[in-house]
Amino acid sequence: MVAVAIDGPAGAGKSTIARTAAAELGFIYIDTGALYRTIGLSCINKGIDCSDTEKVIPVLSQIKIDLKFIDGEQRMFLDDEDVSGLIRTEEVSMSASKVSAIPEVRAYLLELQRGFAKTNNVIMDGRDIGTVVLPGADVKIFLTASSESRAMRRFLQLKEKGIDGDYDSILQDIIKRDHNDMTRETAPLKAADDAVTIDTTELDLLQSIESVISVIKERLK
Ligand code: DC
């Protein structure tokens, strides 16, 4: 099996780029952030503070999380309910970042993630795929961009959906989430030693996709 790990901070375009690259290569694309988001959502639904480790840990044995592929698209299920849309709010983003700092949460999701790579050719995106989940991945890419350009992309995405976001608060959220993700003790966001870093600050989406696909093809030769 072939595994491609794409890690990087929030808003660097990982999911769009990884999805497109997977379609081109005929690989399965797995968005691991969706798993953390689903746990974040379950805590919100239960009225639990996502930073409260003592309260979050018992939730893990009370919920059922499934990742399914429907028409080739990843869908997330929480207790048999399709929550793929519900996990995309800013509130859930921040909750996911908080629960992801809890080692028990990361351990809970580890084997699930590795299981997919055992039986499929995968492109997996996240924060710790190249460092922890699939340290033996055939290709590792660290995708990054300045926080300002990531915030601007998010702002424009929302605008396209008819949502009036506030650029400054989006930027502050991104900075806060980067800080959480990079400074946590367990599996912090960082490039694996053998990862190729691609900075998309000056690239548009098409150029970013081309650059990722060319690195993958070069490495898989
Ligand atoms: O990729 P995303 O924005 O959907 O991820 C949501 C949060 O989940 C992110 O802030 C950090 C966490 N995460 C993680 O810790 N490890 C991963 N492999 C993927 C996501």
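The following paragraphs examine the structure supplied in this document.

### Here's the deal with helix α5 (residues 103-119)
Then step 1. Between the first and last C-alpha of α5 there are 26 Å, a value that for 17 residues agrees with the 24 Å anticipated at 1.5 Å per step.
Then step 2. Those residues of α5 not exposed but buried are Val105, Arg106, Leu109, Leu110, Gln113, Phe116 and Ala117.

### Focus: the site of the ligand
Then step 1. As a structural note, the neighbourhood of the ligand is formed by 15 residues, with Arg37, Arg106, Asp128, Arg177 and Arg184 the closest of them.
Then step 2. A distance of 2.8 Å is found between an oxygen atom of the ligand and a side-chain nitrogen or oxygen belonging to Arg177.
Then step 3. Between the ligand and Asp181, the relevant distance is 3.0 Å, taken from an oxygen atom to a side-chain nitrogen or oxygen of the residue.
Then step 4. Computed on the free molecule, the ligand has an accessible area of 450 Å², of which 96% lies beneath the protein chains in the complex.
Then step 5. Listing elements by their share of the shell around the ligand, those giving two or more residues are α2 (33-45), α4 (90-99) and α8 (167-183).
Then step 6. At three residues, α2 tops the list of elements feeding residues into the shell around the ligand.
Then step 7. Considering only residue class, the shell around the ligand consists of three nonpolar, five polar and seven charged.

### Some remarks on the side chain of Thr38
Then step 1. Relative to the helices and strands, Thr38 resides in helix α2.
Then step 2. A relative accessible area of 0% means that Thr38 is categorised as buried.
Then step 3. A polar side-chain atom of Thr38 sits 2.7 Å from the main-chain carbonyl oxygen of Ala34.
Then step 4. Setting aside anything within four residues of it in sequence, one finds Thr38 in contact with Ile65, Met76, Phe77, Leu78, Val83 and Ile87.

### Comments concerning the sheet that holds strand β7 (residues 139-144)
Consider a sheet: its strands pair through backbone hydrogen bonds, and that pairing is either parallel or antiparallel.
Then step 1. Ordered in space as β2-β6-β1-β7-β8, the five strands form an open sheet in which the pairing is parallel. Looking along the sheet, the strands with just one partner apiece sit at the ends: β2 (28-31) and β8 (196-199). Direction aside, neighbouring strands of the sheet carry axes that sit 20° apart on average.
Then step 2. Packed onto the sheet, α5 meets β2 and β6 (122-126) and runs at close to 155° relative to β6.
Then step 3. Against the sheet, helix α9 (residues 205-220) engages β1 (3-7), β6, β7 and β8, with an angle of about 160° to β7.

### Brief notes about the sheet that holds strand β5 (residues 81-82)
Then step 1. Reading across the sheet, the three strands line up as β3-β4-β5 and stay open at both edges, with antiparallel pairing between neighbours. Each edge of the open sheet carries a strand with a single partner, namely β3 (65-70) and β5.
Then step 2. Across two bridges, strand β4 (residues 73-78) lies against β5 in antiparallel orientation. The partner of Leu78 across the bridge, within β5, is Glu81.
Then step 3. Packing against the sheet, α2 makes contact with β3 and β4, and its axis sits at approximately 25° to β4.

### Digging into unusual backbone geometry
Then step 1. Positive phi, close to 50°, is recorded for Asp79, a residue that is not glycine.
Then step 2. In this structure, Asp79 sits in the loop between β4 and β5.
Then step 3. The phi torsion at Ala187 lies on the positive side, around 45°, for a residue other than glycine.
Then step 4. With respect to the helices and strands, Ala187 occurs in the loop between α8 and β8.
Then step 5. Its relative accessible area of 13% is what places Ala187 among the buried residues.

Cut-offs applied
Every chain is numbered independently, its residues counted from 1 as its sequence is written. At least 70 in pLDDT is required for a residue's local features to be given in this predicted model, at least 80 for side-chain atom pairs to be given and counted, and no such filter applies to totals for whole chains, interfaces and linings, which use all residues. Computation of side-chain values covers all heavy atoms of the structure but excludes hydrogens and water. A run of H or I in DSSP counts as a helix once it spans at least four residues, and a run of E counts as a strand once it spans at least two, with each numbered from the N terminus. An expected span of 1.5 Å times one less than the residue number is assigned to each helix. Categorising residues by exposure relies on relative accessible area from a 1.4 Å probe, with only protein chains included: less than 20% of the type maximum marks a residue as buried, more than 50% marks it as exposed, and the intermediate range marks it as partly exposed. Consider each residue's heavy atoms; a residue with any of them within 4 Å of a molecule or strand counts as near. Here a polar contact is recorded for every N or O atom pair within 3.5 Å, except that within protein the pair must consist of a potential hydrogen donor and a potential acceptor, and residues adjacent in sequence are included only if both atoms are side-chain atoms. Accessible surface area values rest on a Shrake-Rupley calculation with a 1.4 Å probe, where residue burial reflects the displayed protein chains alone. Note that Gly is not counted as nonpolar here; it falls among the polar residues with everything else outside the nonpolar set of Ala, Val, Leu, Ile, Met, Phe, Trp, Tyr, Cys and Pro and the charged set of Asp, Glu, Lys and Arg. Contacts: residue pairs with any heavy atoms within 4.5 Å of one another. Two strands pair if DSSP finds at least two bridges between them. Inter-axis angles, ranging from 0 to 180 degrees, are taken between N-to-C directions of lines fitted to C-alpha atoms, where helices are fitted over the stretch in contact.

Read these as geometric descriptors, not functional statements.
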